[in-house]
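Remarks on the overall topology
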Amino acid sequence: MTESISPEPQSPIPNLPISNPLRLLLFALFIGVSVDVLFYNKAPGISFPIFILFCALALLVSLFAERVTPALSSLWLLAPMIIFASFVFVRAEPLTTFVNVMIAFALGGLLVRTISHGELFRFGLIDHLVNYVLLGIEILFRPFPFLWDVSKQAGDKESGRRLWLPVARGLILVTPILCIFAVLLSAADLVFADRLRDVLKWLNLDNIPELIARGILILMATFVAIGLLAQAVRPFRKYNLIGAEKPIMPTLLGLIESSIVLGGINLLFAGFVIIQFRYLFGSVENITAAGYTYSDYARRGFGELVLVVAMTLGILLALSTLVKREDRKTIITFNALNFLMVALVGVVVVSALQRLLLYESIFGFSRLRTYSHVATIWLGLLFVPYIVALLAGRMRWFATGSLFVVIGFGVTLNLLNVDVFIARQNIARNGIRLHTSYLVTLSDDAMSEMIALFKTAKDESLGAGLACRVAQMKTEEPKLGWQSYHLARQEAYTQLKANENLFLQWQVDKQNTVMVNGKRTSCRTLLASYVLEPGLTSEYR
């Protein structure tokens with residue numbers, strides 16, 4: 001069955017040069033300077049949402065200045081992009097922060113590539129891939145012709161005389177006057193002198209290598225910003241959807257071949273599902289009677305089952321492209337076999353989650369298990385847009401559905417608050433060993449739970465770890481600028497200050513070590529946190 005693409009009217013940006021390259025260069029330079037001010041030697045915090053807002057503002061103003069009407073079908077991307085950027089300021093857990101940053105940048109890149117032509121909701125998966133490749137290529141090469149246009153505009157006799165000569169004369173005249181007035185005003189007012197000294201210290205004129213490094217950073221960020229803004233306001237050419245008019249690959253398979261492939265896989269999956277209902281979804285006695293321990297059966301196969309689910313989705317997408325579906329019988333048969341496979345895969349997803357739940361009931365929650373839980377659920381939900389696109393005969397819809405699945409995955413991680421979830425679940429597990437040495441490595445998100453637990457349990461590892469957190473706070477807090485202000489970090493600092501007296505028996509020395517169970521341990525070792533958690537025992541991992 002050939003997918004039809006409705007011939008929607010398009011209003012692509014005409015292939016015209018940028019009307020005022022110098023103005024666009026100033027916008028790009030504004031972004032470059034903001035990168036230096038917000039991020040150079042700064043811990044992430046409120047700086048990231050401010051930076052994303054600056055980028056969005058520069059993009060919109062550039063479009064307005066070049067009289068380009070933003071496509072509404074792409075403009076909505078601003079909302080989730082800013083939301084994920086704001087989550088960087090709220091959540092401290094490392095993978096959640098990484099996901100927030102990557103999704104914000106990915107949505108921003110998609111916005112840049114589609115805001116001029118409005119074809120986002122007609123993109124297929126290959127269109128998304130190609131546009132991200134083109135995004136990188138234009139970032140690398142688009143600034144060169146743009147800077148040539150800037151040099152031509154600056155070199156124009158009339159504009160050069162009107163702009164550059166007055167600017168140069170003004171700078172020459174004002175520089176000595178500013179120096180004289182600065183010296184006199186500093187001598188007249190001590191507060192002003194202190195503020196001027198702070199400005200000179202911020203400029204760091206004594207450290208030439210650092211100034212050079214920051215200058216290079218600004219130039220690189222400006223270069224990237226030029227590539228992004230230039231391709232947003234003036235694409236090289238009208239973008240043509242890949243496979244919209246003619247399929248990318250010929251339909252090589254018929255009903256018989258596809259039925260054999262889908263039928264064979266469905267039979268295998270059906271056998272697996274029967275086993276799951278007897279053993280995994282049944283009673284513990286069924287597992288032990290087969291010669292397995294409860295933990296061994298739960299531990300085995302989670303990764304393999306997730307891989308099976310991912311491979312199945314890939315096979316279904318490939319068959320939906322390669323199988324010829326022209327008559328009603330073929331369409332009904334193919335769709336029915338697909339629907340059956342998706343139903344069986346749903347049981348496989350539930351089986352994978354059930355194994356994880358069994359493992360967690362024995363050994364508790366960790367970051368890796370929590371990530372796996374959320375990712376597996378959303379991987380299973382990817383089959384929903386696939387089925388919708390298949391039944392509607394519009395396989396391109398799957399790409400849009402996948403975009404919303406990615407956004408849903410990111411939102412779920414943030415709303416779940418991974419480290420708080422782990423702490424609460426593990427603390428609530430009565431009668432099962434609590435790994436406080438693991439809890440103390442969690443991020444500032446879970447500080448309330450850690451302090452509340454210590455007040456009731458008075459655990460040695462937890463107390464020493466929190467004492468190290470207090471020492472770390474006293475060392476880092478004075479060095480953090482306003483750019484690093486972070487909601488979770490600030491709340492954790494407030495709670496640690498309020499409860500500092502609880503950890504006085506664990507003194508952190510000048511070598512940043514503390515006594516834990518009679519052994520002096522480095523705070524760095526005690527608080528070491530890894531996404532894959534190699535420090536845990538194999539059972540707890």
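Residues numbered from 1 in each chain as written. Predicted model: local features only at pLDDT ≥ 70, side-chain atom pairs only at ≥ 80, totals over all residues. Heavy atoms only, no water.

Attention shifts here to the nonpolar core. Formed by 83 residues in total, the largest nonpolar core has its most connected members in Met 81, Leu 107, Leu 466, Leu 496, Phe 503 and Val 514. Element by element, the count of residues in this core is highest for helix H5 (residues 94–114), at nine residues. What Met 81 contacts, discounting residues up to four positions off in sequence, is Ile 52, Ala 56, Ala 104, Leu 107, Gly 108 and Leu 111. By size, the runner-up hydrophobic cluster in this structure holds 31 residues, among which are Val 273, Val 349, Ala 352 and Met 395. (Core = buried A, V, L, I, M, F, W, Y, C linked by side-chain atoms within 4.5 Å. Buried < 20%, exposed > 50% of the residue type's maximum accessible area, 1.4 Å probe, protein only. Helix = DSSP H or I, 4+ residues; strand = E, 2+ residues; numbered from the N terminus. Contact = heavy atoms within 4.5 Å.)

The full count for this structure, using the stated rule, is 14 salt bridges. Between Arg 367 and Glu 93 there is a salt bridge, with the nearest N and O atoms lying 3.7 Å from each other. On the criterion of sequence distance, the pair formed by Arg 367 in helix H16 (residues 367–381) and Glu 93 in the loop between helix H4 (78–90) and H5 is long-range, its members being 274 residues apart. The same class applies to Arg 367 as to Glu 93, namely buried. Linked through salt bridges whose partners overlap, the residues forming this network are Arg 23, Glu 66 and Arg 234. (Salt bridge = Lys/Arg side-chain N within 4 Å of Asp/Glu carboxyl O.)

Turning our attention to the state of the cysteines. By the definition in use, this model includes one disulfide. Here Cys 468 pairs with Cys 523 through a disulfide, and the sulfurs are 2.0 Å apart. When the S-S torsion is -70°, as for the bridge of Cys 468 with Cys 523, the disulfide is left-handed. One end of the pair, Cys 468, is in helix H22 (residues 460–476); the other, Cys 523, is in helix H24 (residues 523–526), with 55 residues separating them in the sequence. (Disulfide = S-S within 2.5 Å.)

What follows concerns the packing of aromatic side chains. Inspection of the entire model under this criterion finds 12 aromatic pairs. Seen from their ring centres, Phe 84 and Phe 87 are 6.3 Å apart, and the 65° between their planes marks the pair as edge-to-face. Here the residue Phe 84 and the residue Phe 87 both occupy positions in helix H4, the gap between them amounting to three residues, near one helical turn. The residues Phe 84 and Phe 87 share a single accessibility class, namely buried. Aromatic pair Phe 89 and Tyr 485: ring centres 5.9 Å apart, planes at 35°, arrangement tilted. Separated by 396 residues along the polypeptide, Phe 89 in helix H4 and Tyr 485 in the loop between H22 and helix H23 (487–498) bring together distant segments of the chain. Given a relative accessible area of 38%, Tyr 485 falls into the partly exposed group. (Phe/Tyr/Trp six-rings, centres within 6.5 Å; stacked < 30°, edge-to-face > 60°.)

Counting all residues, the mean pLDDT for the protein is 81, and 84% of those residues have values of 70 or more. For the protein, helix H12 (residues 284–289) is the element with the lowest average pLDDT, namely 51, and H4 is the one with the highest, namely 95. Scored below 50 in pLDDT, residues 4–15 makes 19 contacts in the model with residues more than four places away or belonging to other chains. (pLDDT = per-residue confidence, 0-100.)

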